Amino acid sequence: MRNRIFLSPPHLSGEEIKEIEKAIQSNWIAPAGPATAAFERKIAQYNGVEHCVAVNSGTAAIHLALVVLGVEKGDEVICPTFTFAGSCYPILYQSATPVLVDSEKEGWGIDPKLMDEAIADRIRLGKKPKAIIVVHLFGMPARMNEIMAIAKKYSIPVIEDAAEALGSTYAGKHAGSMGDIGIYSFNGNKIITTSGGGALVSSKKEWVEQARYLSGQAKSPVPYYHHETIGFNYQLSNISSAMGVAQFSVLDERIREKRKVFDFYKSTLTNHGFGFQKEDEVSFSNRWITSVLTPNYSTDNSNNKIRLELEHENIEARLLWKPMHLQPVFNKFPFYDSGVAEDLFSRGLCLPSGTSLTEADQKLITSKLIKN
Ligand SMILES: *Cc1c(COP(=O)(O)O)cnc(C)c1O
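Bear in mind that the values here come from a model prediction, so they are computed numbers and not experimental data.

This part is about the overall build of the protein. Per the secondary structure count, the protein includes 12 helices and 15 strands. Relative to its length of 372 residues, the protein is compact, with a C-alpha radius of gyration of 21 Å against a globular reference of 21 Å. Taken along its principal axes, the extent of the C-alpha atoms in the protein is 70 × 60 × 35 Å. The 372 residues of the protein split such that 55% are buried. Considering only contacts within the protein whose residues lie at least 6 apart along the sequence, 72% involve residues at least 24 apart.

What follows is the structure, encoded as structure tokens:
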């Protein structure tokens, strides 16, 4: 049988091995090194943000963002229910409380209007949320103009989880560059990868330097180990960074390829009643993973039925994120509900979106969807 078709496998350029070899030859292995500094500069420059610290995962970057913003035990943090758990686990690392908000129907990001209502309600109940986490889902920018206006109205800082959205833009600005702090992931399934890694960016130098200090075990600048606060071992190794430097050179090409994969699915499946995440007039998605909604005429669980048929052909597909308010670990927290996330979960399917997918693969995949 032919090789398995994965959802979003790593796609190397061939240059990674050279950069890694340079790092090994120079004996800069870990924790920091010239490749990490170069990788940080590339991330900052590409996204038009002044400061960047590379860390060993996107989840670590979100955790550091919360710590830097002073989120502590008992604080509340706004977060979309429709996301990957990595977006909101760090709220629990700080013993803070996630306040979950439902999605809007077009781009599937946090619903700005409902978010506004949720914040007003939390304030009425006696506590202003300490931060807002916004997620650009499957690469689609959340409605940042509205979200930032609401955040400004209440003076609440915004963390942009752009783990899936490197290269996406909103009104000409890069995902991750619009909030107070942005984060990226370079996990193996993301649009470019360091095998595992992440980054935190901000135009505020103190925050990035504080995150850097915390990521390196919070060592004070004295000749012995002196610690005034709790640190973390979150640094990205110089070898991983070397891989990231090479991957950056193919990022724009990967975005073009991802969008081409999306265009094929959309042009083939739209006439058969399948729905897609929509860009608005000012958004540009890197289309990290093409996700479809099964048609309204479909029977219950048809998304999973299609998934199983694809699995039978050794093709990986996955249901959309199971909303956080339905997760045993998050279901006791406040939730502002409009029913959208549950509908997306019940009808949605992530399709193989690898940038090395062939047209024949895509035709085989769409044929399985069409007959359902
Ligand atoms: C992948 C991902 C994360 C976590 O990134 P890691 O590097 O895997 O820790 C966080 N949020 C979202 C939306 C993600 O897709």
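Attention shifts here to the packing of helix H2 (residues 34-47) against helix H8 (residues 238-248). Here H2 crosses H8 at 40°, and the two axes come no closer than 7 Å. Looking at the two axes, H2 sits oblique to H8. Viewed along their axes, H2 and H8 form a crossing whose handedness is left-handed. Residue-level inspection shows Pro34, Ala35, Thr36, Ala38, Phe39, Lys42, Ile43 and Tyr46 of H2 in contact with H8, the latter providing Asn238, Ser241, Ala242, Gly244, Val245 and Phe248. Grouping the constituent residues of the contact of H2 with H8 by class yields nine nonpolar, four polar and one charged.

On to the site of the ligand. Taken together, the neighbourhood of the ligand is formed by 15 residues, with Gly58, Thr59, Glu164, Ser185 and Lys190 sitting nearest. Between the ligand and the protein, one listed contact pairs a nitrogen atom with a side-chain N or O atom of Asp161 at 2.7 Å. A distance of 2.7 Å separates an oxygen atom of the ligand from a polar side-chain atom of Ser185. When the ligand is considered free in solution it has 380 Å² of accessible area, and contact with the protein chains removes 93% of it. Counted by class, the shell around the ligand contains three nonpolar, nine polar and three charged residues.

Another aspect to go through is the sheet that holds strand S8 (residues 181-185). As summarised here, the arrangement of the eight strands in space is S1-S9-S8-S5-S4-S2-S3-S14, forming an open sheet in which the pairing is mixed. Among the strands making up the open sheet, the edge pair consists of strand S1 (51-55) and strand S14 (335-336). Of the strand pairs in this sheet, strand S3 (residues 97-101) and S14 are connected by two bridges, and their pairing is parallel. Looking at S14, one finds that Leu100 is bridged to Phe335. Across the sheet, helix H7 (residues 205-215) touches S1, S8 and strand S9 (198-202), and the angle it forms with S1 is around 20°.

Turning our attention to the side chain of Asn303. Relative to the helices and strands, Asn303 resides in helix H10 (residues 302-312). By relative accessible area, which is 2% here, Asn303 ends up buried.

Rules used throughout
- Residue positions are given per chain, counting from 1 as you read along its sequence in written order.
- Reporting in this predicted model follows two pLDDT cut-offs: at least 70 for local features of residues, and 80 or more for side-chain atom pairs to be given and counted; totals over whole chains, interfaces and linings ignore these cut-offs and use all residues.
- Hydrogens and waters are ignored; side-chain quantities use all the structure's heavy atoms.
- Each helix corresponds to a stretch of at least 4 residues labelled H or I by DSSP, and each strand to a stretch of at least 2 residues labelled E; elements are numbered beginning at the N terminus.
- Just to be clear, the radius of gyration here is over C-alpha atoms, and the globule rule we use is 2.2 Å times residues to the power 0.38.
- Exposed residues in this analysis have more than 50% of their type's maximum accessible area, buried residues have under 20%, and partly exposed residues fall in between, with area computed by a 1.4 Å probe over protein chains only.
- Here, residues are in contact when the closest pair of their heavy atoms is within 4.5 Å.
- To define axes, lines are fitted to C-alpha atoms, for helices over the stretch in contact only, and angles between the resulting N-to-C directions are given on a 0 to 180 degree scale.
- Under this scheme an angle from 65 to 115 degrees is roughly perpendicular, one under 35 degrees roughly parallel, and one over 145 degrees roughly antiparallel; angles in between are oblique.
- Crossing chirality is assigned from the near helix's rotation relative to the far helix, an anticlockwise turn below a right angle marking it left-handed and a clockwise turn marking it right-handed.
- For this classification, Asp, Glu, Lys and Arg are treated as charged, while Ala, Val, Leu, Ile, Met, Phe, Trp, Tyr, Cys and Pro are nonpolar and the rest, including Gly, are polar.
- The rule for a residue being near a molecule or strand is that one of its heavy atoms must lie within 4 Å of it.
- The term polar contact refers here to a pair of N or O atoms within 3.5 Å; inside protein, the definition further demands a hydrogen-donor-capable atom paired with an acceptor-capable atom, and it admits residues adjacent in sequence only when both atoms are side-chain atoms.
- Note on areas: Shrake-Rupley, 1.4 Å probe, and residue coverage restricted to the protein chains presented here.
- Two strands form a pair only when DSSP identifies at least two bridges running between them.

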